Amino acid sequence: MPLHFNILTLFPNMFPGCLGASLAGKALERGDWSFSCTNIRDFGEGVHKCVDDTPYGGGAGMVMRADVLEKALLSTNDSGSRRIYLSPRGQQLKQPLVKELAASPSLTLLCGRYEGVDERFLQAHEFEEISIGDYVLSGGEPAALILMDACIRLLDGVMGNVNTADNESFGSGANGLLEYPHYTRPAVWTDANGSEHGVPEVLTSGNHAKIDEWRAEQSKIITKVRRPDLL
Ligand code: SAM
């Protein structure tokens, strides 16, 4: 079943953005996924279509208004959709969560701007918060695109080899570890300084059991050095 993204944003022209190209773009053309954008500005107040106001309690920046956001949300048909607010305060997006999201029929993605959105709106409409990492972006749109990309590549038929995702970093085939290193032709590569670099012998041995063993070992070593928290 195709996955639909119901996007609430002040910048609809940011979509599909990079997802209109390559594998995701082809999948979009095939109808493996679809998206619709609702411009929150269309539901703004007054002649200036104002969507934000100053925060109660003072402080810097502006906050997106609950009444405006509610009108934008209710103008969409999001029944059965999981509601997500992209937010640095949210649960971090990790591969098991991506897998879960990719299996949903529809995701409503709220892209914040300014200082964020009125908390009452998030609670009244049961938005869960998802963060793409411990840093602050200027808006939720790039975060939404990242979440979408991670989901789209897991949809049936999007990647050439269906086993690929499970064998990648964080995948179940890789026991949740980081991926082993890759090599391709030429077998000996001479870099710009004249140094020659070969490939690990086992990879050209044709012994697939040994290759699997070597890759599993490399995967453990890389994970231990770079991300011991995953072990
Ligand atoms: N004042 C907020 C805070 O300190 O948590 C940051 C607001 S940020 C400037 C504007 C918007 O960008 C947020 O409402 C959110 O939608 C999005 N955003 C920023 N960083 C993000 C992250 N790491 N993950 C997901 N969305 C993010």
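Preceding this paragraph is the structure being described.
About the criteria used
- For every chain, the first residue of its written sequence is number 1, and the numbers climb from 1 along that sequence.
- For a predicted model such as this one, the threshold for reporting local features is a pLDDT of at least 70, and the threshold for listing and counting side-chain atom pairs is 80 or more; totals across whole chains, interfaces and linings nevertheless cover every residue.
- Where side-chain values are given, they derive from all heavy atoms of the structure, hydrogens and water being excluded.
- We define proximity as follows: a residue is near a molecule or strand when any one of its heavy atoms falls within 4 Å of that partner.
- Any N or O atom pair separated by 3.5 Å or less is treated as a polar contact, with the protein-specific requirement of one donor-capable and one acceptor-capable atom, and with residues adjacent in sequence counted only for side-chain atom pairs.
- The method behind every accessible area is Shrake-Rupley, applied with a 1.4 Å probe, and residues are considered shielded solely by the protein chains displayed.
- The secondary structure listing takes helices from DSSP runs of H or I that are at least 4 residues long and strands from runs of E that are at least 2 residues long, numbered from the N terminus.
- Throughout this entry, Asp, Glu, Lys and Arg are counted as charged residues, while Ala, Val, Leu, Ile, Met, Phe, Trp, Tyr, Cys and Pro are counted as nonpolar. The remaining residues, Gly among them, count as polar.
- Burial classes: relative accessible area under 20% of the type maximum marks a residue as buried, over 50% as exposed, and values in between as partly exposed (1.4 Å probe, protein chains only).
- The positive count covers Lys and Arg only, the negative count covers Asp and Glu only, and His and the chain ends enter neither.
- Here, a salt bridge means any side-chain nitrogen of Lys or Arg that lies within 4 Å of a carboxyl oxygen of Asp or Glu.
- Note on aromatic pairs: the rings of Phe, Tyr and Trp (six-membered ring only in Trp) are paired at centre separations within 6.5 Å, and the planes decide the class, stacked below 30 degrees, edge-to-face beyond 60, tilted for the rest.
- Each pair of strands is called paired provided DSSP finds at least two bridges between the two strands.
- Note on handedness: a crossover is taken as right-handed if, strands pointing away from the viewer, the path from the first strand over the helix to the second is clockwise.
- Here an angle of 0 to 180 degrees is reported between the N-to-C directions of two axes, which are lines fitted to C-alpha atoms, with helices fitted over the stretch in contact.
- The contact criterion used throughout is that any non-hydrogen atoms of two residues lie within 4.5 Å.

Our next topic: the site of the ligand. Around the ligand lies a shell of 19 residues, among which Tyr85, Leu86, Glu115, Tyr135 and Leu137 are the nearest. Gly112 places a polar main-chain atom, nitrogen or oxygen, 3.0 Å from an oxygen atom of the ligand. A total of 580 Å² of accessible area belongs to the ligand in isolation, and the protein chains cover 84% of it. Top element by residues in the shell around the ligand is strand β5 (residues 82-92). It accounts for four residues. Counted by class, the shell around the ligand contains ten nonpolar, eight polar and one charged residues.

Locating Asp191 in the fold gives a position in the loop between β8 (189-190) and β9 (196-197). Buried charge without a salt bridge: Asp191, with Arg226 as the nearest opposite-charge side chain at an N-O distance of 17 Å. Side-chain polar atoms of Asp191 contact the backbone nitrogen of Asn193, separated by 2.8 Å.

Applying the stated criterion to the full structure yields three aromatic pairs. Centroid distance Phe121 to Phe127: 5.3 Å. Interplanar angle 40°. Geometry classified as tilted. Across this residue pair, the class does not change: Phe121 and Phe127 are buried. Among the aromatic side chains, those forming a connected cluster through ring pairs are Phe5, Trp33 and Phe35.

Before going further, it helps to spend a moment on unusual backbone geometry. The peptide bond linking Phe15 to Pro16 adopts the cis configuration, its omega dihedral lying at 0°. Tracing the sequence through the fold places Pro16 in the loop between β1 (3-9) and α1 (22-30). The omega torsion across Arg185 and Pro186 is 5°, close enough to zero to call that bond cis. Position of Pro186 relative to the elements: it lies in the loop between α6 (164-167) and β8. A positive phi angle, close to 60°, is found at Tyr114, a residue other than glycine. Tracing the sequence through the fold places Tyr114 in the loop between β6 (106-111) and α4 (119-124). Tyr114 gets classed as partly exposed once you look at its relative accessible area, which sits at 38%.

It is worth spelling out the pairing of β5 at this point. Across five bridges, β5 lies against β6 in parallel orientation. Looking at the pairing, Arg82 lines up with Leu107 of β6. Note that the unit made of β5, helix α3 (residues 95-102) and β6 has a crossover that is right-handed. Here β5 pairs with strand β7 (residues 128-131) via five bridges, running parallel. Bridging from a neighbouring strand, Gln92 pairs with Ser131 of β7.

Taken in spatial order, the five strands of this open sheet run β2-β1-β6-β5-β7, and their pairing is parallel. Looking at the sheet topology across the chains shown, the edges are occupied by β2 (33-39) and β7. Neighbouring strand axes in the sheet, compared pairwise and without regard to direction, differ in orientation by 35° on average. Docked against the sheet, helix α5 (residues 140-152) engages β1, β2, β5, β6 and β7, running at close to 160° with respect to β6.

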